[in-house]
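Residue strings, one per chain:
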Amino acid sequence: MATTQPSQTGNRKLPERARIGRFLETWLGAPINGLEVVLNWIMVKPLRWFWRHLDSWSYKLEGTLLRQILSHTIFPFTLILSVYIGLKLVENGITSLTLLGFVLLPIIYGLYCAPLERLMPYSRKWLEGGNDSAVDIIMYFSGAFWSGISGLIVSALFIIGMVEALEPYGHDLWPDQWNPVVQVAMFILIKDFFRYWFHRALHEIPALWRIHAAHHSVERLYWLNGIRAHPLEIISQAIFYAIPLALVQPTAEIALVAVILQLSIGIFQHSNIDLNLGWWEYIFSIGDNHRYHHYPDKGIGDSNYGGELIIYDILFGTFHNPRDERPHDNIGIGTAPEYPLTVAGLYIAPFLPNQKSVFARDEAEESEFSPSASSLQPAELGPPDPL
C-alpha cells in the first residue's frame, strides 16, 4: 500500500523567545491543546489511515483517459449540482429539512473531496500535515461561535439600527422577479465586490495583516482549511459587511442557495485536487489562482483576493496566474516561518510585538526551508516504497 509521510508530526507552538505568549499558549490554552490531541487520535489518524488505502490507486489513475475526463468535469459538475441541491432545499421555503441539509452539506462535501485529493493530488506533500486537521475542525466550530458573537457586537455598536433602517430599501431594490439562478449569481457578484476590498485591505494594511496571518499560516492546502480564520477577522468582516449588504436584500431562500454555492466554490479554492480548469480560472478564485495567493513571497501572494470570483482581480490589476508555469507547493508566511500552528498559538500570535524577529527562523535552518528548496511533487515520480 502506498503511503505519504507528513511533513511534520505535530502542531508547531509559539517560539520560546515569545515567553509570555508561550506561557499563555501552554497553560491557558491547555484545554484546547488537549482537544487537539484527542481529535488527532479519535478522528484524524483513523481517517488518514483509511484514505491512505487510495494512494496506490492514484498512481494507477495517472495518465489515463478517466483522469483527464475527471479533471475537466469535477468542478462544473459540482457547481451545477450545488445550485440544484440548493434550489431543491428551499423549494418549499426555509424548513427544518432545509436547515438540516445546510448543516450536513460541509460533511458531504468533505466525503466527496477527501478521496478525490488522494486519487488526484496536486501535491503529494499536501496529502498529510501533522495534526493540522484537528486545528481546522476546532476552527470550523469556533468560527460559528465567533460569527454569533459578531452579531452581538454589531448590535452593540448601534450598526444594527442602521441596517434595519436600510433593509426595506434593500428589499425594494432587489429584483426578486428574476430567475432564481440569476439572482444567486447577482448576489454573489455584489457580495464578492466587498469581499475583494476587505481581503485586499487584510493584506495591505499591516494591522489587519496581523489577524489575517492566521489564515496564511497553513503549510498545505486541502479542502477543509479554507475556514481557518482568527476571531478578530470574523468580527471585523461582519462589521465591514453590515451596512453595504443591508442594501442587498434577496429573499432568505436566494441567500441560502448563494451560501451553498459559495461553500462549494470555497472547498475547491483550497482543495488539493489537480484539476484542468481552463477558462473557469478566469471567473472563479480557485485552483492555481489561490495557490499563488498562498505563496510565502508577498510579491506574488498579495494577489488573487477574490472570495469566490476572480473578475475583480482582473479588473483592478491584482490577478496573477502566468500561463507558462504551475505554482510550487511551498506555502506559508515567508516573513514568519515559525508562525504557530496550534489553535491557542494562532489566537495569541497577532498580539505579540516584534513579529518578524519572534517568528523568524534561525539562519542555519533558512536554506533548508527556502522556496527554491521546495517544488511541486508530481505524481509521475511513482509510488513510494510500501511499508
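Placed above this text is the structure.
All values reported here derive from a predicted model rather than from experimental measurement.

**Observations regarding the overall build of the protein chain**
From N to C terminus, the protein chain includes 17 helices and zero strands. Within the protein chain, the fraction of its 387 residues that count as buried is 50%. Taking the contacts inside the protein chain whose residues are at least 6 apart along the sequence as the reference set, 80% of them involve residues at least 24 apart. Surface exposure of the protein chain reaches about 18,800 Å², of which carbon and sulfur atoms provide 68%.

**Things to note about the layout of surface pockets**
Rolled over the atoms, a probe sized like a water molecule indicates the empty space that remains. Space inside the largest pocket adds up to approximately 1,900 Å³. Taken together, 49 residues make up the lining of the largest pocket; nearest its centre are Ser147, Lys191, Gln237, Val259 and Gln262. Elements represented by at least two residues in the lining of the largest pocket include exactly α5 (96-119), α6 (132-156), α7 (159-173), α8 (180-204), α9 (206-216), α10 (231-246), α11 (252-270) and α12 (288-293). For the lining of the largest pocket, the residue count by class is 26 nonpolar, 17 polar and six charged.

**Regarding the packing of aromatic side chains**
What the rule picks out here adds up to 24 aromatic pairs. Taking the centre distance of 5.5 Å and the plane angle of 70 degrees together, the rings of Phe75 and Phe284 count as edge-to-face. Linking Phe75 in helix α4 (residues 65-89) with Phe284 in the loop between α11 and α12, this pair joins segments that are 209 residues apart in sequence. We classify Phe75 as buried; its relative accessible area is 1%. The buried category is assigned to Phe284, whose relative accessible area is 10%. Here the aromatic cluster, defined as three or more aromatic residues joined through ring pairs, consists of Phe193, Phe194, Tyr196, Trp197, Tyr305, Tyr312 and Phe316. We note Lys60 situated over the ring of Trp57; from NZ or CZ to the ring centre the distance is 4.6 Å. The positively charged end of Arg220 is found above the aromatic ring belonging to Tyr222, 4.0 Å away from the centroid.

**Let's talk about the pattern of salt bridges**
Enumeration over the complete set of coordinates arrives at 15 salt bridges. Of the charged contacts in the structure, one is a salt bridge between Arg220 and Asp132, with a shortest N-O distance of 2.7 Å. Taken as a pair, Arg220 in the loop between α9 and α10 and Asp132 in helix α6 lie far apart in primary sequence, 88 residues in all. With respect to class, Arg220 is no different from Asp132; both count as buried. Ionic pairing is found between Asp302 and Lys298, a salt bridge with its closest N-O pair at 3.1 Å. Here Asp302 falls in the partly exposed class, since its relative accessible area comes to 25%.

**Observations concerning the packing of helix α1 (residues 19-27) against helix α2 (residues 30-52)**
Two elements in contact, α1 and α2, have axes whose closest approach is 5 Å; the angle formed by their N-to-C orientations is 60 degrees. Put simply, α1 runs oblique to α2. In this structure, α1 contributes Glu25, Thr26 and Trp27 to the contact, and α2 contributes Ala30, Pro31 and Asn33. Tallied by class, the residues present in the contact of α1 with α2 amount to three nonpolar, two polar and one charged.

**Overview of the packing of α8 against α10**
With their axes 11 Å apart at the nearest point, α8 and α10 run at an angle of 140 degrees to one another. Between α8 and α10, the crossing angle belongs to the class labelled oblique. The element α8 and its partner α10 pack so that their crossing is right-handed. Residues Lys191, Phe194, Arg195, Phe198 and Leu202 of α8 lie in contact with α10, whose contacting residues are Glu233, Ser236, Gln237, Phe240, Tyr241, Pro244 and Leu245. Taken together, the residues of the contact of α8 with α10 sort by class into seven nonpolar, two polar and three charged.

**Section: empty space enclosed by the protein**
Under the definition given, this model contains two cavities of 30 Å³ or more. As for the largest cavity, its lining consists of 13 residues, and the residues nearest its centre are Trp209, His216, Tyr295, Lys298 and Gly332. Looking at the lining of the largest cavity, the elements with two or more residues in it are α9 and α13 (298-301). For the lining of the largest cavity, a count of residues per class yields four nonpolar, seven polar and two charged. Considered as a void within the structure, the second largest cavity measures approximately 60 Å³ in volume. As for the second largest cavity, its lining consists of Phe75, Phe268, Ser271, Ile273, Leu275, Leu277, Glu281, Ile286, Gly287, Asp288, Arg291 and Arg326.

**Comments concerning unusual backbone geometry**
A positive phi angle is found at Asn304, which is not glycine, with a value near 50 degrees. Structurally, Asn304 can be placed in the loop between α13 and α14 (311-316). One non-glycine residue with positive phi stands out, namely Asn354, at about 50 degrees. Mapping Asn354 onto the fold places it in the loop between α15 (343-348) and α16 (355-358).

**Re a nonpolar patch on the surface**
Together, Leu35, Val37, Val38, Trp41, Ile42, Met43 and Leu47 make up an exposed nonpolar region whose accessible area comes to about 680 Å². Relative to the helices and strands, Leu47 resides in helix α2.

Analysis parameters
- Residues numbered from 1 in each chain as written.
- Predicted model: local features only at pLDDT ≥ 70, side-chain atom pairs only at ≥ 80, totals over all residues.
- Heavy atoms only, no water.
- Helix = DSSP H or I, 4+ residues; strand = E, 2+ residues; numbered from the N terminus.
- Buried < 20%, exposed > 50% of the residue type's maximum accessible area, 1.4 Å probe, protein only.
- Contact = heavy atoms within 4.5 Å.
- Areas by Shrake-Rupley, 256 points an atom, 1.4 Å probe, with all protein chains shown as cover.
- 1 Å grid on protein atoms, 1.4 Å probe; cavity = no way out; pocket = protein on both sides within 12 Å on 5 of 7 lines; lining within 4 Å.
- Points joined across faces, edges and corners; volume = space filled by probe spheres on them.
- Nonpolar A, V, L, I, M, F, W, Y, C, P; charged D, E, K, R; others polar.
- Phe/Tyr/Trp six-rings, centres within 6.5 Å; stacked < 30°, edge-to-face > 60°.
- Lys NZ or Arg CZ within 6 Å of the ring centre and 35° of its normal.
- Salt bridge = Lys/Arg side-chain N within 4 Å of Asp/Glu carboxyl O.
- Axes fitted to C-alpha atoms, helices over the stretch in contact; angles between N-to-C directions.
- Parallel < 35°, antiparallel > 145°, perpendicular 65-115°, else oblique.
- Left-handed = near helix turned anticlockwise from the far one by under 90°.
- Patch = residues over 30% accessible without salt bridge, like charges linked within 9 Å, V, L, I, M, F, W, Y side chains within 5 Å.

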